[in-house]
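Geometric and topological summary
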Amino acid sequence: QNPKTSAVVKQLVAEGNAGELQKYFGSRMEFGTAGLRAAMGAGISHMNDLTIIQTTQGFCRYLEKNFSDLKKRGVVIGFDARAHHSSGGSSKRFARLAANTFISQGVPVYLFSDITPTPFVPYTVTHLKLCAGIMVTASHNPKQDNGYKVYWENGAQIISPHDKGISQAIEENQEPWPQAWDDKLIDSSLLLHDPYATVNKEYFKDIQKQCFHRNINKETNLKFVHTSVHGVGHKFVQLAFKAFDLSPPFAVPEQKDPDPEFPTVKYPNPEEGKGVLTLSFALAEKDGAKIILANDPDADRLAVAEKQESGEWKVFSGNELGALLGWWIFTCWKNNNRDSCAIKDVYMLSSTVSSKILRAIALKEGFHFEETLTGFKWMGNRAKQLMDQGKAVLFAFEEAIGYMCCPAVLDKDGVSAAVITAEMASFLAARNLSLSQQLKAVYDEYGFHITKASYFICHDPKVIQQLFDNLRNFDGKNTYPKSCGRFKVSGIRDLTTGYDSSQPDQKAILPTSKSSQMITFTFANGGVATMRTSGTEPKIKYYSELCAPPGNSDVEQLKKELDELVNALEKHFFQPEKNNLQRKTE
């Protein structure tokens, strides 16, 4: 019943444009563990009023089946600032339609009255003990996209088999229920609650448990620039600084207000390198700020840059910031926990494609480190399991600039990560140290971990399948490569098939998934490289790392060795020319 998408479809029918109609109606968006992510527009392959209603009807029925007290506890729904003029879709409209669906079935809905960062949704699920949470966002995707992200009652993103159960329930509930389109009905409902004020108060109170140096924060001369890249982060990072008694960061004026057009950047993704930070660099130079903090548009990720003595700006990789935050959070914990027995219950987590620096710190300091599959859904769920066993999960991170620094949110959180980074930088500045100098000190103490990651774009699923099939049948059927150029392969783990050459029974310990591609190669020189497909973008990604024991300080030699390994990986395993792959461009 949306006049805009309806008109698009009628026009295509009138023109007899079967090709475009096939694109819109050929296949339904797939509901996976990341929920939905697609462009806004007409048809069942896009995010629009109808597909949001259908998805929420399925989700509602699935929750009714799983929770006898759903009508007592309810769900939370949040949204970012995305909007798509030509199809009339927006995150706020989708959130209201979803709320209407639940309320029509007698389920209480805690619908935020205004935009919020993604981490506020899992926080609210836990804080108000709700059955589930929905966040309408496409994070840092291009402006035409939107998404529907789902959290379970434990405050973590859903994992299997919930995705399959929800997907099946969507299939069974496609006919919109009576009044499904009339979202105005919710405004007079007693089942509608607005958690905005409460959550804003409680969240900023909770993150203060990670504030350890209030006196330094009050007095520091260090200046920060913050950009929310046209997303939701501005107001919340300002409030976080206030909660930690830090002077507010300078906000990039052209990017601080939400704008669904993202007019100043090609991609609203701080992971894409210096291009996204151009305006931040200019403001920092003008105001004499040394450190830049950049959130992605839904404020669950954080990029950090620091001005070096040379006048150059260094943008830290996700792995480098993970090393710094891991060191910092453990140091703060150690200074506040004198009981040496307590360390046996301390854990840190990272995903299997992230740097193993936390493992090195854990080995030396005596706490536990665990790796999980890629994505915060795995780290959030594992952290909750450990916390339920009375363990302290201090920190979790992934190289895609995602950090969980505060146990109140079981997902990546760019707001708490920004302010904790600011406190760490202020503490170091009081000792005349920069973040870069401290990073070197961490590597000196625990061993250098040099990483390099990138991706190729490929829009043809057949080519991707063929590329990975070739790796599994490299020298004849069911044989993996024994070398990559001059680098000898010493181990292989394939989490698509479940094979792991290093295990006695050759079976991988981490869960396997046939629906996504992921192979990790270990090399005789101590290098590790993982190739995997992305769940949300048409990319084949790779991650590589060389770990040296403490004391091996020839960094340039390590970097050269890793560069050569990556070149060999691209040439022999990706074969970009043969497979017509498009390289990542700055």
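Residues numbered from 1 in each chain as written. Predicted model: local features only at pLDDT ≥ 70, side-chain atom pairs only at ≥ 80, totals over all residues. Heavy atoms only, no water.

**Quick look at the pairing of strand S11 (residues 291–295)**
To keep it simple, the criterion reads: Exposure is judged per residue with a 1.4 Å probe applied to protein chains only, and the accessible area is read against the type maximum: over 50% gives exposed, under 20% gives buried, and values in between give partly exposed. We count a stretch as a helix when DSSP gives it H or I for four or more residues in a row; a strand needs E for two or more, and each element gets its number in order from the N terminus. Two strands are said to pair when DSSP picks up at least two bridges between them.
For S11, the tally of buried residues reaches five of five residues, placing the bulk of the element in the interior. Of the two faces of S11, the one lined by Ile291, Leu293 and Asn295 and the one lined by Ile292 and Ala294 are each fully buried. With four bridges connecting them, strand S9 (residues 224–227) and S11 associate as parallel partners. Residue Val225 lies in a different strand from S11, and its bridge partner there is Ile292. Bridge count between S11 and strand S12 (residues 302–307): five bridges; the pairing is antiparallel. Looking at S12, one finds that Asn295 is bridged to Leu302.

**Concerning the nonpolar core**
This is how it is decided: By convention a nonpolar core is built from buried Ala, Val, Leu, Ile, Met, Phe, Trp, Tyr and Cys residues, the set being connected through side-chain atoms within 4.5 Å. The contact criterion used throughout is that any non-hydrogen atoms of two residues lie within 4.5 Å.
Ranked by internal contacts, the top residues of the largest apolar core, which has 163 residues, are Phe59, Phe102, Phe395, Tyr403 and Met531. Apart from residues lying up to four places away in sequence, Phe102 is in contact with Thr56, Phe59, Cys60, Leu63, Val75, Ile77, Val107, Val109 and Ile134. Ala383, Val393, Ala396 and Leu410 belong to the second-largest nonpolar core, a separate cluster that totals 10 residues.

**Here we look at the sheet that holds strand S16 (residues 392–398)**
Going by this rule: Lines are fitted to the C-alpha atoms to define the axes, a helix being fitted only along its stretch in contact, and any angle between axes, read from their N-to-C directions, falls within 0 to 180 degrees.
Strand order in the open sheet made by the four strands is S15-S14-S16-S17, with mixed pairing throughout. Looking at which strands have only one partner, the edges of the open sheet turn out to be strand S15 (368–372) and strand S17 (402–404). Taken over all neighbouring pairs, the strand axes of this sheet differ in orientation by 15° on average, direction set aside. Two strands pair when backbone bridges link them, and S16 and S17 are joined in this way by three bridges, in the antiparallel orientation. Considered in S17, the bridge of Phe397 is made with Tyr403. Against the sheet, helix H12 (residues 318–336) contacts strand S14 (346–351), S16 and S17, and its axis sits at roughly 170° relative to S16. Across the face of the sheet, helix H14 (residues 376–388) comes into contact with S14, S15, S16 and S17 while running at roughly 175° to S16.

**Some thoughts on the pairing of strand S7 (residues 145–151)**
Burial analysis of S7 places seven of its seven residues in the buried class, the great majority of the element. Burial along S7 is two-sided: the face carrying Asp145, Gly147, Lys149 and Tyr151 and the face carrying Asn146, Tyr148 and Val150 are both buried. Of the strand pairs in this sheet, strand S1 (residues 36–39) and S7 are connected by four bridges, and their pairing is antiparallel. Bridging from a neighbouring strand, Arg37 pairs with Gly147 of S7.

**Points about helix H8 (residues 196–207)**
The cut-off we apply is this: Multiplying 1.5 Å by the residue count of a helix minus one yields the expected span of that helix.
Taking 1.5 Å of rise per residue, 12 residues should cover 16 Å, and H8 covers 17 Å from first to last C-alpha, within 8% of that figure. Those residues of H8 lying buried are Tyr196, Val199, Asn200, Glu202, Tyr203, Phe204, Asp206 and Ile207. Looking at the buried residues of H8, the elements they touch are helix H6 (120–127), helix H10 (233–243) and helix H15 (414–430).

**Points about the side chain of Gln517**
For the record, the criterion: Polar contacts, as counted here, are pairs of nitrogen or oxygen atoms within 3.5 Å of one another; within protein the pair requires one atom able to donate a hydrogen and one able to accept it, and residues that are adjacent in sequence qualify only if both atoms are side-chain atoms.
Here Gln517 lies in the loop between strand S21 (499–500) and strand S22 (518–523). Here Gln517 falls in the buried class, since its relative accessible area comes to 8%. Reaching out from Gln517, the side chain makes a polar contact with the side chain of Arg472 at a distance of 2.8 Å. Filtering out sequence-adjacent residues up to four positions away, Gln517 remains in contact with Gln465, Phe468, Arg472, Thr496, Met531, Arg532 and Thr533.

**Looking at the UniProt feature "domain: Alpha-D-phosphohexomutase alpha/beta/alpha" (unreviewed entry) in the protein**
Formally: UniProt positions are given in the numbering used here, feature names are shortened, and annotations may be inferred rather than shown by experiment.
Cross-referencing UniProt, the feature "domain: Alpha-D-phosphohexomutase alpha/beta/alpha" (unreviewed entry) maps to residues 29–175, 201–307 and 319–446 in the present numbering. Across residues 29–175, helical content stands at 37% and strand content at 19%; the span's end C-alpha atoms are separated by 16 Å. Helix makes up 32% of residues 201–307 and strand 16%. Its end C-alpha atoms lie 34 Å apart.

**Overview of the sheet that holds S7**
Strand order in the open sheet made by the six strands is S1-S7-S6-S2-S5-S8, with mixed pairing throughout. One side of each edge strand has no neighbouring strand; the edge strands of this open sheet are S1 and strand S8 (192–193). Summarising the sheet, strand S5 (residues 109–111) and S8 pair through two bridges and their orientation is parallel. Directly across from Tyr110, in S8, lies its bridge partner His193. Sheet contacts for helix H5 (residues 91–104): strand S2 (75–79), S5, strand S6 (132–136), S7 and S8; angle to S2, the most-contacted strand, approximately 165°. Packing of H6 onto the sheet brings it into contact with S2, S6 and S7, and relative to S6 it is tilted by some 165°.

**Some details on the packing of helix H3 (residues 49–66) against H5**
What counts is decided by this rule: Just so you know how the angles are binned, under 35 degrees is roughly parallel, over 145 roughly antiparallel, 65 to 115 roughly perpendicular, and the rest oblique. Each crossing gets its hand from how the near helix is turned against the far one by less than a right angle, where anticlockwise is left-handed and clockwise is right-handed.
In contact at an axis separation of 9 Å, H3 and H5 are set at 40° when each is read in the N-to-C sense. It follows from the interaxial angle that H3 and H5 lie oblique. Taken as a pair, H3 and H5 cross one another with a handedness that is right-handed. Along its contact with H3, which presents Asp49, Ile52, Ile53, Thr56, Gln57, Phe59, Cys60 and Leu63, the element H5 presents Arg93, Phe94, Leu97, Ala98, Thr101 and Phe102.

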